[in-house]
Amino acid sequence: ANTALGYNALLVNTTGSNNTALGYATLGGSQNVGDANTAVGSNALTNFNPASDDVGHNTGLGYESGASLTTGVENTYVGSGAGYRNQTGDNNTYVGYAAGKGNAGDNHSNNTAVGKSALTAVTDGALNTIIGSNAATAMTTGHENVILGYSAGDATQNTGYSVIIGSDACGANMTNATDGTIAIG
C-alpha cells in the first residue's frame, strides 16, 4: 500500500509499494518508484525511477531533497536541497540545507555530510564523513576523508585519506598530492 497527499504526489506510480509521498510532485514523475521510499516536501525524490520495485528505501525530507535521484538506493536526505543532484549514488546521509547537493548528473555514494552546505559540490566523491556548516564545500572527487568543523576543508577539492579538524582548518585547496594529510586546529 502507498500513501500520497499533495498535487501530483505518486502521480504515475503503477507498481511501487509501501511508499509515502507528502507534498507537490513527491515521488511523482515516474511510473515505478520502487519500494519503501518516504518523500516529504515539494519535489522531494520526484525523479526516482528504479528498474525494479524491490529497490528504494530512500528518504527525502525537505523541498527538492533528492529531487534528481533516479536509481540510487538507501539514501537519507534531510533539508531543503539536500542531495539534490545525486542521480545514481547509494547509501548517503545528507542533513542540512544543500548538504551533498552536488552537480548535474552525479554519482556519489557512501558519504555522510551534516551541516548547511556541507559537501555541497560533490560529484563522485565517496566514503567521506563531513560534519560542520560549510565544511568541504568545494570537494568534488575527494574520498575517504574525515572533516569536522565550521568551514573545515572548505576549498579542498579532491584529496583523499585526510583528517581535518577545526574551524577553518585547511582553508586552502588540497589536491590528491596532499592525500593522507592530518590537520588539527
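Residues numbered from 1 in each chain as written. Predicted model: local features only at pLDDT ≥ 70, side-chain atom pairs only at ≥ 80, totals over all residues. Heavy atoms only, no water.

A. Representation of the packing of aromatic side chains in the model. What the rule picks out here adds up to two aromatic pairs. Judged by centre distance (5.8 Å) and plane angle (10°), the rings of Tyr-7 and Tyr-24 are stacked. Note that Tyr-7 is positioned in the loop between strand 1 (3–5) and strand 2 (20–22) and Tyr-24 in the loop between strand 2 and strand 3 (38–40), a separation of 17 residues in sequence. Their ring planes at 15° and their centres at 5.8 Å tell us that Tyr-77 and Tyr-94 sit as a pair that is stacked. Taken together, the residues Tyr-77 in strand 5 (residues 76–78) and Tyr-94 in strand 6 (residues 93–95) connect sequence positions 17 residues apart. Residue Tyr-77 is classed as buried on the basis of its relative accessible area of 0%. The exposure class of Tyr-94 is buried, given its relative accessible area of 0%. The ring centre of Tyr-84 lies 5.9 Å from the NZ or CZ of Lys-101, which sits over that ring. (Phe/Tyr/Trp six-rings, centres within 6.5 Å; stacked < 30°, edge-to-face > 60°. Helix = DSSP H or I, 4+ residues; strand = E, 2+ residues; numbered from the N terminus. Buried < 20%, exposed > 50% of the residue type's maximum accessible area, 1.4 Å probe, protein only. Lys NZ or Arg CZ within 6 Å of the ring centre and 35° of its normal.)

B. Seen up close, the sheet that holds strand 3. Taken in spatial order, the eleven strands of this open sheet run 1-2-3-4-5-6-7-8-9-10-11, and their pairing is parallel. Every interior strand has two partners, whereas the edge strands, strand 1 and strand 11 (182–184), have only one. When the angles between neighbouring strand axes are averaged without regard to direction, this sheet yields 5°. (Pairing = 2+ DSSP bridges. Axes fitted to C-alpha atoms, helices over the stretch in contact; angles between N-to-C directions.)

C. View of the environment of His-108. Looking at the element boundaries, His-108 is found in the loop between strand 6 and strand 7 (112–114). C-alpha of His-108 to C-alpha of Gly-28: the two residues are 80 residues apart in sequence and 23 Å apart in space. Non-local contacts of His-108, meaning those with residues more than four positions away in its chain, are made with Asn-86, Gly-89, Asp-90, Asn-92, Tyr-94, Gly-100, Gly-102, Val-122, Thr-123, Asp-124 and Gly-125. (Contact = heavy atoms within 4.5 Å.)

Just distances and angles here, no functional claims.
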